[in-house]
Amino acid sequence: MMTESLDIQKVKNLKPRHVCYVNWHEEGGGEVHRSADRLFLYYIPQYGGDGYLVGEFDFNDEGIEVLVKEAHSWT
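A brief look at the structure comes next. Keep in mind that this is a model prediction, so the values were computed, not measured. (Residues numbered from 1 in each chain as written. Predicted model: local features only at pLDDT ≥ 70, side-chain atom pairs only at ≥ 80, totals over all residues. Heavy atoms only, no water.)

A few words on the nonpolar core. Counting 14 residues, the largest nonpolar core has V11, V32, L39, L41 and L67 as the members making the most contacts within it. Contributing elements (two or more residues each) for this core: α1 (4-12), β1 (19-25), β3 (38-45) and α2 (61-72). For this core, the element with the highest residue contribution is α2, accounting for four residues. (Core = buried A, V, L, I, M, F, W, Y, C linked by side-chain atoms within 4.5 Å. Buried < 20%, exposed > 50% of the residue type's maximum accessible area, 1.4 Å probe, protein only. Helix = DSSP H or I, 4+ residues; strand = E, 2+ residues; numbered from the N terminus.)

Glancing now at the environment of K69. Among the secondary structure elements, K69 is positioned in helix α2. The spacing of K69 and H25 is 44 residues in sequence and 15 Å in space, taken between C-alpha atoms. For K69, the side chain forms a polar contact with the side chain of E4, separated by 3.5 Å. (Polar contact = N/O pair within 3.5 Å; in protein donor to acceptor, adjacent residues only side chain to side chain.)

Pairing between side chains of opposite charge can happen when the charged atoms of each approach one another. According to the stated counting rule, one finds five salt bridges in the structure shown. Put simply, K10 and D7 hold a salt bridge, and the shortest N to O gap is 3.8 Å. Placement of both K10 and D7 in helix α1 is noted, with a separation of three residues, approximately one turn of the helix. The class for D7 is buried, based on a relative accessible area of 0%. Residue D61 pairs with K12 through a salt bridge whose shortest N-O separation is 3.5 Å. Highlighted residues: D61 in helix α2 and K12 in helix α1, separated in sequence by 49 residues. The class for D61 is partly exposed, based on a relative accessible area of 48%. On the basis of relative accessible area, K12 is assigned to the partly exposed category, the value being 35%. Connected through shared salt-bridge partners, R38, E56 and D58 make up one network. (Salt bridge = Lys/Arg side-chain N within 4 Å of Asp/Glu carboxyl O.)

Moving on, we come to the packing of α1 against α2. Relative placement of two packed helices is described by the angle separating their axes and the distance separating the axes. Here α1 crosses α2 at 130°, and the two axes come no closer than 9 Å. Classified by the angle their axes make, α1 and α2 are oblique. The way α1 lies across α2 gives a crossing that is right-handed. Of the residues in α2, those touching α1 at E4, D7, I8, V11 and K12 are D61, I64, E65, L67, V68, K69 and H72. Its residues assigned to classes, the contact of α1 with α2 shows five nonpolar, one polar and six charged. (Axes fitted to C-alpha atoms, helices over the stretch in contact; angles between N-to-C directions. Parallel < 35°, antiparallel > 145°, perpendicular 65-115°, else oblique. Left-handed = near helix turned anticlockwise from the far one by under 90°. Contact = heavy atoms within 4.5 Å. Nonpolar A, V, L, I, M, F, W, Y, C, P; charged D, E, K, R; others polar.)

This is the structure in structure tokens:
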């Protein structure tokens, strides 16, 4: 299981127009898309249903921390 600090580093290293996954586990998790200086967090369920946009965040230290905390709040 990924920790918040590892997920924060993963998002910080994300290049524009790329995707990474945070808080990923057998029930699904967060899919993060980067577009220039914005991050888009999607919740992706493992069983059925489509993923949906949870929020849009700034690509800076504060925005990344808020995004990862949001993804890790899902149970």
